[in-house]
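Notes for the structure review
Listed below, chain by chain, are the residues.
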Amino acid sequence: MIVLAALSSGPAHGYAVIQEIHRRSGGAFELPEGTIYPALHRLEQAGLLSSRWATAESGRQRRVYVLTRRGIRALADQRAIWQRFADAIGSLLGHPGHAATRTNR
Amino acid sequence: MRSAACWGIQAMPQRAPIADYLEALTRELSFDRSLAHRVRLEVEDHLWEATTANRDTSIEAQARAVMSFGEVRKIADQYAALSLLRQARRSGAIIVLASGVLYIAMKGRVAWYGLMQWALSDTLQPVGKMVLAIDRAAYILAFLFGAVGWAYISSRRVSPRFDVACRSQLKWSFRLAVAAACPMAVSVIADATVTALRLFNERPPLSVFLIPLLSIAIEVAFAVVLVIVIGKTQRSTLRASSLLSRRRVS
């Protein structure tokens, strides 16, 4: 979900995906950089991403990844699941006295 | 600071950490050459991007980029699981496809014989019946094993690592593929035998015999492709096992 979310703003190559994750998480996610690439391949194999070669300004070949329609749908589903989970945890943590009150009854 | 050997690079002078790292990664991924080539280009771009981001391309900056990227073996491990499962799935799909082609070829041949009103001669009837019974049984077995093997490997989740579970999945996939390929070979041989018997016994004109001959050629071609694909997948698996196990031991 993290990788899909990082690609939601548009096509990007591996290094840019890592930078985007770092930026969006405010530096909270310091993932081992090398693990992102097998993850990108796995998501591509699952049909959630597609990729093509592009030439960077440096002249080096780079692989650019983009979300497929299936990837966009999967991200939306994951977001909805996460939102429900976050709301539930938020409600739970937001009222610390609630559970205690019920126990005292 | 950890030494280069810790990151899976064999001990060598640190003249170019990025080049050494790429060499090591390509070596670890040599069980799948096209994957190794693609990964090398991707990782090379990443490492240089990371190095030049701070406007510093010194040996130390390169070493830092390599270290942030991670250990070669761990990266290769993850790619191995992905690549080998993909190859096993492709083998499974080819077996099912070959079963379909064999079925169409057999039915097409029988329909052609019917159209040409070309029945087996009395002398060939007993042999023909026996060979066709073997053919049918072998084909059914090949189809069943092929379908089970494909369903099995397609339903497996891609393991994040080339671990014991992943190896076990590949082993089972290989066994089922071989179990399907052997009777399929028997079926093709049986088909070829019956067709050859018809040809040598009755010597029809080539125009009549071209369709059966073509259908047998297609069957043989698919059987050969199947054997090659299964063999290639198994060789890749063995090579990956040997490469990645060697790294664990050393």
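Read on for a plain summary of the structure. (Residues numbered from 1 in each chain as written. Chains lettered and ligands numbered in written order. Predicted model: local features only at pLDDT ≥ 70, side-chain atom pairs only at ≥ 80, totals over all residues. Heavy atoms only, no water.)

To continue, consider the overall build of chain A. A count of helical and extended segments in chain A gives 5 helices and 3 strands. Ordered by position in the sequence, the α and β elements of chain A form the string α-β-α-α-β-β-α-α. The buried share of chain A, reckoned over its 105 residues, is 35%. Within chain A, contacts between residues separated by at least 24 positions form 39% of all contacts whose residues are at least 6 apart in sequence. Total accessible area on chain A stands at roughly 6600 Å², and carbon and sulfur atoms take up 56% of it. (Helix = DSSP H or I, 4+ residues; strand = E, 2+ residues; numbered from the N terminus. Buried < 20%, exposed > 50% of the residue type's maximum accessible area, 1.4 Å probe, protein only. Contact = heavy atoms within 4.5 Å. Areas by Shrake-Rupley, 256 points an atom, 1.4 Å probe, with all protein chains shown as cover.)

Attention shifts here to the pairing of strand 2 (residues 49-55) of chain A. Residues and elements named next belong to chain A. Sheet topology note: the strand 2/strand 3 (residues 61-67) ladder contains 7 bridges and is antiparallel. Paired with S51 across the two strands is Y65, which belongs to strand 3. A loop of 5 residues connects strand 2 with strand 3, the two strands running antiparallel in sequence, and G59 in this loop sits at a positive phi of about 95°. (Pairing = 2+ DSSP bridges.)

Contacts between the two partners involve 20 residues from chain A and, on the opposite side, 23 residues from chain B. Buried surface at the junction of chain A and chain B, both sides included, amounts to about 2100 Å², of which 55% is carbon and sulfur. Considering only the side of chain A, the residues that lose the most area to chain B are Y15, Q45 and R60 of chain A, jointly responsible for 29% of the buried surface there. Linking chain A with chain B are 5 salt bridges, by the criterion used here. Residue R62 of chain A is joined to D45 of chain B by a salt bridge in which the shortest nitrogen-to-oxygen separation is 2.9 Å. The interface formed by chain A and chain B includes 11 residue pairs in polar contact (both at pLDDT 80 or more). Mapped by element, the contributors of at least two residues to the side of chain A that touches chain B are helix 2 (14-24), helix 3 (33-45), strand 2 and strand 3 of chain A. (Buried area = accessible area lost by both parts, 1.4 Å probe. Salt bridge = Lys/Arg side-chain N within 4 Å of Asp/Glu carboxyl O. Polar contact = N/O pair within 3.5 Å; in protein donor to acceptor, adjacent residues only side chain to side chain.)

Below, the discussion takes up the sheet that holds strand 1 (residues 12-13) of chain A. Residues and elements named next belong to chain A. In spatial order, the strands read 1-3-2; together these 3 strands make up an open sheet with antiparallel pairing. Only two strands of the sheet have a single partner each, and these edge strands are strand 1 and strand 2. Where strand 1 and strand 3 come together, 2 bridges link them in antiparallel fashion. If you follow A12 over to strand 3, its bridge partner there is Y65.

Here we take up the nonpolar core. Within soluble globular proteins, side chains that are nonpolar tend to cluster in buried spots. Ranked by internal contacts, the top residues of the largest apolar core, which has 54 residues, are L7 of chain A together with Y21, L29 and L47 of chain B. Tallying contributions element by element places helix 4 (residues 72-115) of chain B first for this core, with 9 residues. With near-sequence residues (within four places) excluded, L47 of chain B lies in contact with I18, Y21, L22, A65, V66 and F69 of chain B. Among the nonpolar cores identified, the runner-up in size contains 16 residues, and M106, Y139, A180 and A223 of chain B belong to it. (Core = buried A, V, L, I, M, F, W, Y, C linked by side-chain atoms within 4.5 Å.)

This part takes up the packing of aromatic side chains. One pass over the structure, following the stated rule, counts 4 aromatic pairs over all chains. Measuring from centroid to centroid gives 5.9 Å for Y21 of chain B and F69 of chain B, while their planes differ by 80°, and the two rings are edge-to-face. Linking Y21 of chain B in helix 1 (residues 17-28) with F69 of chain B in helix 3 (residues 59-69), this pair joins segments that are 48 residues apart in sequence. Classification of F69 of chain B as buried rests on a relative accessible area of 0%. Members of the aromatic cluster, each reached through a chain of ring pairs, are Y37 of chain A together with Y21 and F69 of chain B. A cation sits over an aromatic face here: R175 of chain B above W172 of chain B, 4.8 Å from the ring centre. (Phe/Tyr/Trp six-rings, centres within 6.5 Å; stacked < 30°, edge-to-face > 60°. Lys NZ or Arg CZ within 6 Å of the ring centre and 35° of its normal.)

Another point: the pattern of salt bridges. Tallied over the entire structure, the rule returns 14 salt bridges over all chains. Salt-bridge contacts for R40 of chain B lead to E23 of chain B; the nearest nitrogen and oxygen are separated by 3.1 Å. On the criterion of sequence distance, the pair formed by R40 of chain B in helix 2 (residues 33-52) and E23 of chain B in helix 1 is long-range, its members being 17 residues apart. R40 of chain B sits in the partly exposed class, given a relative accessible area of 24%. Among the ionic pairs, D32 of chain B bridges to R86 of chain B, the shortest N-O distance being 3.3 Å. With a gap of 54 residues between them, D32 of chain B in the loop between helix 1 and helix 2 and R86 of chain B in helix 4 connect regions that are remote in the sequence. Here R86 of chain B falls in the partly exposed class, since its relative accessible area comes to 35%. Among the charged side chains, a salt-bridge network with shared partners connects R60 and R62 of chain A together with D45 and E49 of chain B.

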